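# Analysis of the macromolecular model
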Amino acid sequence: MDVKKNKTASFKINKTPSGNIYEFFCDLSHALVYSSKPIRADNPEEELMRAWGEGGKEYFNRCQKCGKWVIDAMYNPDVWSCVQCVPIEDYPDYCPVCGAKSQELSNFCHVCGAKLFYGGEEENEKTERK
Amino acid sequence: MKKRNANRKKSLSYFGFGTDIMKHSVVCSECNSLEPSNRMYCSKCNSKLPKSNLHDLYKSYHISCEKCGTVLSNSMHYCPHCGNRVKASSELCAL
Ligand SMILES: [Zn+2]
Ligand SMILES: [Zn+2]
Ligand SMILES: [Zn+2]
């Protein structure tokens with residue numbers, strides 16, 4: 001399914017007399033998102049990139065972590081990732097690190113100092129950069 | 001926090017993101033059409049639509065709070081919604 005390092009979402013080609021129709025699917029939900037017009041190009045790569053550029057791409061979001069192309073429903077816009085890589089978080093009522101009841105409108109835990117909203121994400125990034 | 005989260009949910013949904021949208025979406029297992037979860041049959045191919053929606057798929061990727069069902073990320077030791085202690089993965093394996 002994964003094609004050429006996720007240059008495009010997963011796709012299927014339907015051959016027709018007037019050209020190839022490309023169908024693009026969400027990499028997580030496998031929903032059919034876009035069908036191209038019949039396209040003909042000199043080589044398969046060019047054909048694919050045309051189908052993708054002429055309409056496919058705009059319906060997708062790319063996960064910055066794993067490179068999957070997903071529909072809005074399977075995308076976490078808070079951290080530009082798919083919802084498989086990073087679940088969507090709400091503003092927490094409790095600190096996810098120490099369990100203390102968090103105070104309204106504070107970004108850090110008043111007990112342990114942990115970042116309350118997507119704190120784990122930052123931790124992951126820090127360790128990745130090291 | 002409730003009001004703040006309700007507003008946040010609303011704006012996520014407005015732009016087509018978030019858990020409410022997942023709950024309202026199913027994918028036809030025959031033709032892969034994206035369908036509203038209140039439909040019984042696919043609008044494209046008329047097949048019976050699966051019971052599980054995109055939110056079920058989402059939950060299958062992650063652990064959830066045993067007490068309140070909130071989806072949790074790996075780094076969390078406590079559920080941010082209800083404060084329940086999350087079992088470490090080593091404890092889970094032992095069960
Ligand atoms: Zn991802
Ligand atoms: Zn269908
Ligand atoms: Zn909980």
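First, a word on what this report is: a plain description of the structure on this page. Residue numbers here run from 1 along each chain, matching the order of that chain's written sequence. Chains carry letters from A onward and ligands carry numbers from 1 onward, assigned in written order. Side-chain atom pairs in this predicted model are given and counted only at pLDDT of 80 or more, local residue features only at pLDDT of at least 70, and totals for whole chains, interfaces and linings cover all residues. Just so you know, side-chain values use all the structure's heavy atoms and leave hydrogens and water out.

## What to know about the packing of aromatic side chains
Operational definition: Each pair of aromatic rings taken from Phe, Tyr and Trp, with Trp reduced to its six-membered ring, is defined by centres within 6.5 Å and is described as stacked if the planes are under 30 degrees apart, edge-to-face if over 60, and tilted in the remaining cases. Relative accessible area decides the class of each residue, using a 1.4 Å probe on protein chains only: under 20% of the type maximum gives buried, over 50% gives exposed, and in between gives partly exposed. Lysine and arginine charges are scored as sitting over a ring when NZ or CZ, respectively, is within 6 Å of the ring centre and within 35 degrees of the ring normal.
Scanning the model with the defined rule gives 12 aromatic pairs over all chains in all. Seen from their ring centres, Trp-52 of chain A and Phe-60 of chain A are 5.2 Å apart, and the 45° between their planes marks the pair as tilted. For the residue pair Trp-52 of chain A and Phe-60 of chain A, the accessibility class agrees, reading buried in each case. On the numbers, 5.0 Å between centres and 90° between planes, the contact of Tyr-14 of chain B with Phe-15 of chain B is edge-to-face. Aromatic rings pair up to connect Phe-11, Tyr-22, Phe-24, Tyr-34, Trp-52, Tyr-59, Phe-60 and Trp-69 of chain A into one cluster. For Lys-101 of chain A, the ring lying beneath its charged end belongs to Tyr-94 of chain A, and the centroid distance is 5.0 Å. Residue placement shows Arg-4 of chain B over the ring face of Tyr-91 of chain A; its charged tip is 3.9 Å from the ring centre.

## Describing the sheet that holds strand E2 (residues 19-25) of chain A
Residues and elements named next belong to chain A. Here is the rule: One requirement defines pairing of two strands: DSSP has to find at least two bridges between them. Put simply, DSSP marks the helices as runs of H or I at least four residues long and the strands as runs of E at least two long, and each gets a number from the N terminus on. Axis definition: a line fitted to C-alpha atoms, over the contacting stretch in the case of helices. Angles run 0 to 180 degrees between N-to-C directions.
Read across the sheet, three strands follow the order E1-E2-E3 without closing on themselves; strand pairing throughout is antiparallel. Each having just a single partner strand, strand E1 (10-16) and strand E3 (32-35) make up the two edges of the open sheet. Taken over all neighbouring pairs, the strand axes of this sheet differ in orientation by 25° on average, direction set aside. Bridging between E2 and E3 involves three bridges; their strand directions are antiparallel.

## Re the layout of surface pockets
Just so we agree on the cut-off: As defined here, a cavity is a set of points on a 1 Å grid over the protein atoms alone where a 1.4 Å probe fits but cannot get out. A pocket is an open set with protein on both sides within 12 Å along at least five of seven lines, and residues line them when an atom is within 4 Å of a point. Grid points are joined across faces, edges and corners, and a volume is the space filled by probe spheres set on the points. Just so you know the grouping, Ala, Val, Leu, Ile, Met, Phe, Trp, Tyr, Cys and Pro go in nonpolar, Asp, Glu, Lys and Arg go in charged, and all remaining residues, Gly too, go in polar.
In this structure, the largest pocket spans a volume of roughly 580 Å³. Lining of the largest pocket is provided by 27 residues; of these, Asp-90 of chain A together with Lys-9, Thr-19, Thr-70 and His-81 of chain B occupy positions nearest its centre. Residue assignment for the lining of the largest pocket shows that the elements contributing at least two residues are helix H1 (2-14), helix H2 (19-23) and helix H3 (54-61) of chain B. The biggest single contributor to the lining of the largest pocket is H1 of chain B, with six residues. In terms of residue class, the lining of the largest pocket is made up of 11 nonpolar, eight polar and eight charged.

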